[in-house]
Amino acid sequence: MPEVDPMELIYQLVGYPDETEWIEFKSSSNDCNEIGEDISALANSAAYHGRETAYKLWGVNDKTHALEGTSFNPLTQKAKGNEDLQMWLRRMLSPNASYDFNIIEHDGVTFVVLAIRAATGQPVYFQHRPYIRVGSSTTALVSASKREAELWRRLQRSDFEARLAQEDLLAQ
C-alpha cells in the first residue's frame, strides 16, 4: 500500500462516484474464486489504464459506498480443501501477481484493503485464465480480442520504458 494513512486511502477511494476498472468494493464477500478472478482483473485493468495499483476493499457497500465494516479476514479464510486462502491464491495465480492484504481497525470496525500492483510483462492469470474489468464488472479477457491486444501493447510499452530508464540509470 502507498505510504498514506490507511483510513485516508479508504476515504479517497470511496470518494469516487462509482466503482472503476481499478477499484472494487465489497461488504463481506469471501468467495475464493471471486477473489482470485478479481486479483487478475484488477492487476490487468491497472496495467491497461496506466495505474500503479488497483484496490479491492471489504467493508464498503458497493452501491452507496457506506463504511459498514466486514467480518472477512484473509488471514483466517480457508479456500478449497481447507487450504489457507493466501497459500491457495499463490498457487492459483500466475507468478507475476503482486498484492497485499491489509486489515484496518477503525473505531471498532474492520476493513480489508487488498492492494494489487499492475500486471507487468504479461497479463495476470487466475487458474490459467486472464481476467479484466469492464466498467464495474469482472470478466474473462477474451483471447485475440482488441482489448487483449491493447493490454499486451501497453504491457510491452511499459516494459520497454522501464528498461530504458534502467539503462539510463546504469549509464550515469
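Above this text sits the structure in question.
Residues numbered from 1 in each chain as written. Predicted model: local features only at pLDDT ≥ 70, side-chain atom pairs only at ≥ 80, totals over all residues. Heavy atoms only, no water.

With that settled, consider the overall build of the chain. Each helix and strand in the chain was counted, giving four helices and seven strands. Listing the helices and strands of the chain from first to last along the sequence gives α-β-α-β-α-β-β-β-β-β-α. Counting across all 172 residues of the chain, residues that qualify as buried make up 45%. The long-range share in the chain, meaning contacts at least 24 apart out of those at least 6 apart in sequence, stands at 68%. Summing over all exposed atoms, the chain offers an accessible surface of approximately 9100 Å²; the carbon and sulfur share of this is 49%. (Helix = DSSP H or I, 4+ residues; strand = E, 2+ residues; numbered from the N terminus. Buried < 20%, exposed > 50% of the residue type's maximum accessible area, 1.4 Å probe, protein only. Contact = heavy atoms within 4.5 Å. Areas by Shrake-Rupley, 256 points an atom, 1.4 Å probe, with all protein chains shown as cover.)

With that settled, the discussion passes to the pairing of strand S3 (residues 99-106). In terms of strand pairing, S3 meets strand S4 (residues 109-117) through eight bridges, oriented antiparallel. Bridge pairing in S4 places Tyr99 opposite Ile116. The hairpin turn running from S3 into S4, its antiparallel successor, is two residues long, and Asp107 in that turn takes a positive phi close to 50 degrees. (Pairing = 2+ DSSP bridges.)

On to the packing of aromatic side chains. Taken as a whole, this structure holds six aromatic pairs when the rule is applied. Residues Phe72 and Phe101 carry aromatic rings whose centres are separated by 6.5 Å and whose planes lie at 55 degrees to one another, so their mutual orientation is tilted. Within this pair, whereas Phe72 is found in the loop between strand S2 (53-58) and helix H3 (85-92), its partner Phe101 is found in strand S3, the two being separated by 29 residues in sequence. Here Phe72 matches Phe101 in class, with each residue buried. Summarising the aromatic geometry, the rings of Tyr99 and Phe101 are spaced 6.1 Å apart at their centres and angled 85 degrees between planes, so their arrangement reads as edge-to-face. With respect to burial, Tyr99 and Phe101 carry one shared label: buried. An aromatic cluster is present here, built from Trp58, Phe72, Tyr99 and Phe101 joined pairwise through their rings. The positively charged end of Arg90 is found above the aromatic ring belonging to Tyr99, 4.2 Å away from the centroid. Stacked on the ring of Tyr48, the Lys or Arg Arg154 has its end atom at 4.2 Å from the ring centre. (Phe/Tyr/Trp six-rings, centres within 6.5 Å; stacked < 30°, edge-to-face > 60°. Lys NZ or Arg CZ within 6 Å of the ring centre and 35° of its normal.)

Turning next to helix H2 (residues 32-48). Taking 1.5 Å of rise per residue, the 17 residues of H2 would be expected to cover 24 Å, and the 24 Å separating its terminal C-alpha atoms lies within 8% of that figure. Burial within H2 is extensive, with 14 of its 17 residues counted as buried. Where H2 begins, the side chain of Asp31 points an oxygen toward the backbone nitrogen of Asn33, at a separation of 3.2 Å. (Expected span 1.5 Å × (residues − 1). Polar contact = N/O pair within 3.5 Å; in protein donor to acceptor, adjacent residues only side chain to side chain.)

Turning our eyes to something else, we now look at the pattern of salt bridges. For the structure on display, the rule yields 12 salt bridges. We note a salt bridge from Glu21 to Arg147, for which the minimum N-O separation is 3.0 Å. Of this pair, Glu21 sits in the loop between helix H1 (6-14) and strand S1 (23-26) while Arg147 sits in helix H4 (residues 146-171), and the two are 126 residues apart along the sequence. For Glu24, the salt bridge goes to Lys26, with nearest N and O atoms at 3.3 Å. (Salt bridge = Lys/Arg side-chain N within 4 Å of Asp/Glu carboxyl O.)

So far we have only geometry, and geometry alone does not tell us how the molecule works.
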